[in-house]
Amino acid sequence: MADLSKGDGGAEGTPLGLHNLRPAPGAKKSKIRVGRGEASKGKTAGRGTKGTKARYQVKAGFEGGQLPLIQRLPKLKGFKNPAHKQYQVVNLDRLAELYPQGGEVTIADLVEKGAVRKNELVKVLGSGDISVALTVTVDAVSASAKEKITAVGGTITDRS
């Protein structure tokens, strides 16, 4: 075996170097040039006969004029319930602040006192305690709030 460290690894007495490296004979094939005449891969050039794909490149995902799948699917995840009601909430401790002597609680009165915005649904929740009797007329009342209001002698009237 030839000793490459002595510099005799090249052809016929030339030293081995990067400038004179060559691929082995037959290792490199020339590129096939399609569509350059019928003698060598000409005519259809490997694309078969006729049809869209034979004539020009079709972009990925093209469905022949039909609305593509990517456009048919919804853009954002999730579901928006059209029947969902968004309530403004008022807790019992807030009602105790606004009505220290008790009385009638209406949506118009709560709007006037700044507890809720007008033209929106109002729900009373049971957070906190109440010690005076209230007559509550709102869109919805939670079960715990209903229990606490009736326990101190108050009444609840549904608007719906």
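Structure: see above.
Residues numbered from 1 in each chain as written. Predicted model: local features only at pLDDT ≥ 70, side-chain atom pairs only at ≥ 80, totals over all residues. Heavy atoms only, no water.

1. Section: the nonpolar core
Side chains of a nonpolar character, in soluble globular proteins, are inclined to be buried together.
Turning to step 1, where the next piece is worked out: Among the nonpolar cores identified, the biggest contains 19 residues, and Leu95, Leu110, Val124, Leu134 and Val138 are the most heavily contacted of them.
Turning to step 2, where the next piece is worked out: Of all the elements in the fold, those that place two or more residues in this core are α3 (92–98), α4 (107–112), β3 (121–125), β4 (134–138) and α5 (143–151).
Turning to step 3, where the next piece is worked out: Ignoring sequence-local partners within four residues, the contact set of Val138 consists of Ile107, Leu110, Val122, Val124, Thr157, Asp158 and Arg159. (Core = buried A, V, L, I, M, F, W, Y, C linked by side-chain atoms within 4.5 Å. Buried < 20%, exposed > 50% of the residue type's maximum accessible area, 1.4 Å probe, protein only. Helix = DSSP H or I, 4+ residues; strand = E, 2+ residues; numbered from the N terminus. Contact = heavy atoms within 4.5 Å.)

2. Observations concerning the packing of aromatic side chains
Turning to step 1, where the next piece is worked out: Under the defined criterion, the tally for this structure stands at zero aromatic pairs.
Turning to step 2, where the next piece is worked out: Above the plane of the ring of Tyr99 lies Lys113, whose end atom (NZ or CZ) is 4.0 Å from the centre.
Turning to step 3, where the next piece is worked out: In this structure, Lys123 packs its charged tip against the face of Tyr87, placed 5.8 Å from the ring centre. (Phe/Tyr/Trp six-rings, centres within 6.5 Å; stacked < 30°, edge-to-face > 60°. Lys NZ or Arg CZ within 6 Å of the ring centre and 35° of its normal.)

3. Brief notes about the sheet that holds β4
Turning to step 1, where the next piece is worked out: Strand order in this open sheet of three strands is β2-β4-β6, and the pairing throughout is parallel. For this open sheet the edge positions go to β2 (103–106) and β6 (155–158), each flanked by a neighbour on one side alone. Within this sheet the neighbouring strands show an average axis-to-axis angle of 15°, counted without direction.
Turning to step 2, where the next piece is worked out: In the sheet, β2 pairs with β4 via four bridges, with the strands oriented parallel. Counted as the bridge partner of Glu104 is Thr135 from β4. (Pairing = 2+ DSSP bridges. Axes fitted to C-alpha atoms, helices over the stretch in contact; angles between N-to-C directions.)

None of this, on its own, says anything about what the molecule does.
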